[in-house]
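# Analysis of the macromolecular model
Below, each chain spelled out in residue letters.
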Amino acid sequence: MCGIVAYVGPRDAQPILLDALSRLEYRGYDSAGLAILNGKGVEVRKKSGRIQELASACQKKPVQGRIGISHTRWATHGGATDINAHPHLDATGRLALVHNGVVENYLELKAKLAKAGHKFISETDTEILAHLVGDAFASSKAQGEERLVEAVRNAIKQVQGTLGIAVIHSDLPGLVVGARRGSPLVIGIGDGENFLASDTQALAPYTNRVVILQDQEVVALKAERYDIASPLGVRSDIKVEEIENGVTASDKGSYPHYMLKEIFEQVSSIQNAFRGRLDHDGATAKLGGLNLPSEELRRIERIAILGCGTALHAGMVGKYLIETLAKIPVETHHSSEFRYGDSPTSPHTLFFAVSQSGETADTLGALREAQRRGFPCLGVCNNVASTIARQSNGGVYMHSGPEIGVAATKSFTSQVAIFTLLGLLLGRLHTLSASAGHEILQSIESLPEKIGQALSHSDEIKKVAQKYAKTKSMLFLGRLANFPIAMEGALKMKEITYIHAEGYPSAELKHGVIALIDKETPTVLIATQDGVYDKNLGSLQEIKARSGRVIAVAHESDAKIKGLADDILPVPETHPLLQPLLNVIPLQLISYHVAVVLGRDVDKPRNLAKSVTVE
Ligand code: G6P
């Protein structure tokens, strides 16, 4: 239930809605729909599948009208079918509604409405919401446009959960009503036309002037004006923001998939993450966005990192980097667990919310929880205009450029790069020597070249991928900072190939996972030469002793491991603290090549969304 766009103005709504919606596909892509007021009533088109399916349906049978709402979905309640796709209509069929969020008490509300004679055709919680607003509209005493605004306000009072909604009614042909509680909504201000969308990216080609709707606010949007009110009253101090008009059009160039392009872009994206942030004089890093002077940074006694999926794995590498360089204890949390858990927080803790998109609902919720407890929370985001970037008390942008492939790749290495800088900065404020700082800075500067070298093995890795593509299950093992790299490798494999994969610390193998080892279950073992190299070789032997096959991530120069492992994913050598940044690259590549062999939809794998904007 994930991306929303609404339009009201003098132009044909259908092409604008379809185009703007396609910029929100990262929020979900299992079905899409639109509703337009065509002069006689509400006309709806909905299709399961990608927005392209909806566009084809609209091309065959266009909908004429100058006001409409649209939606791209990531299913929560009810499967990805035409009927469950948004918009949903109320009982009269004259009101249409799209929704991003979850109505938690929908069963209770549904029972109440059913008792009053309402019939439902979908399995969604959103249809209940449409009927609720419809009922509130029917019983409202208000006149004109205020009637729909009041109906929305009264209906959402009965709802528990999160929502960002847009509503139109055929009795009010110039009005869109939007409301926000938890799920972001942005008003785009045009010239004689206005927009509503889940984020500013959707609006980039149309306007750079936006107003961010605050929580609990309702907006009455017309072509020439917009009025915003919350339960506390009408908002008069409206701040119109000018956003950088970054039309993030990104094409695949000569690459067959965005994911492969983005894997190869890491040579430059890593440079962007470091650019302007290396301080050779002080043998340290500069991170101005933290908004914290050195005295305050020195007082930090603990760091807590919040994230989901790949972003959390980057945070786990960050923990290792910061603890090693700065000797400051770091805790990492799944955002969703932190948000509702009782984990105690120590004073003088600095929080980081890590999120490529800056829109992940769980991470946003965790960030707000940390702030509610009185802690500063900084963002590590790629999307500059995102909700998390705005909500945080400062932070560090990744500057990775748009990441379109659903499986995160370049954003991961940029996040790890940022934690390297943070570790260096904090380390130099404590005990890290200038010479150790210089050594890290030098290694950082040689990283783009080394990443290029790691990428040059893509064809060899493709051959390994062809050999193992038919496997049903895989293990990924690594120790210390390479443990989260193993988790990330397993996540990539699951996300885009649908092969079951588990990431474990290498030595945990013997505590249960070893039962899975047989000829059919290969293990990817990260065994670059570091302090635990011999221990990793021990794990390798244990796997071989049980007829398991081993694919080792190893230094290009390591002749010893070539004689022991079945296959090698070669990587160049770098500073031991930066090695995980290189070790992840062959893991991205092997997942990519396996997915291609299996004919998977690499850039838009089943069931996933680039950013999950519901809990
Ligand atoms: C979704 C994606 C993952 C991603 C995670 C966090 O689950 O499928 O690939 O790592 O969200 O995304 P974020 O935008 O917060 O980094």
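Quick caveat, the model's predicted, so the values are computed rather than measured. (Residues numbered from 1 in each chain as written. Predicted model: local features only at pLDDT ≥ 70, side-chain atom pairs only at ≥ 80, totals over all residues. Heavy atoms only, no water.)

## Overview of helix α1 (residues 13-22)
For α1, a buried count of 7 out of 10 residues is recorded, marking the element as mostly surrounded by other parts of the structure. Restricting attention to buried positions, one finds in α1 the residues A13, Q14, I16, L17, L18, A20 and L21. Among the structural elements, β1 (3-8), β2 (31-37), α2 (51-60), β4 (67-73) and β10 (194-197) are those in contact with the buried residues of α1. (Buried < 20%, exposed > 50% of the residue type's maximum accessible area, 1.4 Å probe, protein only. Helix = DSSP H or I, 4+ residues; strand = E, 2+ residues; numbered from the N terminus. Contact = heavy atoms within 4.5 Å.)

## A look at the domain arrangement of the chain
By domain assignment, the chain separates into domain 1 (3-242), domain 2 (251-445) and domain 3 (456-615). On a C-alpha basis, the centroid separation for the pair domain 1 and domain 3 is 44 Å. Between domain 1 and domain 3, the contact holds 12 residues from the first and 12 residues from the second. Taken together, both faces of the contact between domain 1 and domain 3 bury some 1,100 Å²; the carbon and sulfur share is 54%. (Domains from an automatic or database assignment. Buried area = accessible area lost by both parts, 1.4 Å probe.)

## Digging into the environment of Y504
Position of Y504 relative to the elements: it lies in strand β24 (residues 500-505). A relative accessible area of 28% means that Y504 is categorised as partly exposed. A sequence separation of 14 residues divides Y504 from A490, and the C-alpha atoms of the two residues are 9.2 Å apart. Y504 has contacts with F476, L477, G478, F483, A486 and V513, leaving out every residue within four places of it along the chain.

## Regarding the pattern of salt bridges
Within the structure shown, the criterion is met by 26 salt bridges. Where E369 meets R373, a salt bridge forms, and the shortest distance between an N and an O atom there is 2.9 Å. Judged by its relative accessible area of 14%, E369 falls in the buried class. Note that K492 is salt-bridged to E488, the shortest N-O span being 2.6 Å. (Salt bridge = Lys/Arg side-chain N within 4 Å of Asp/Glu carboxyl O.)

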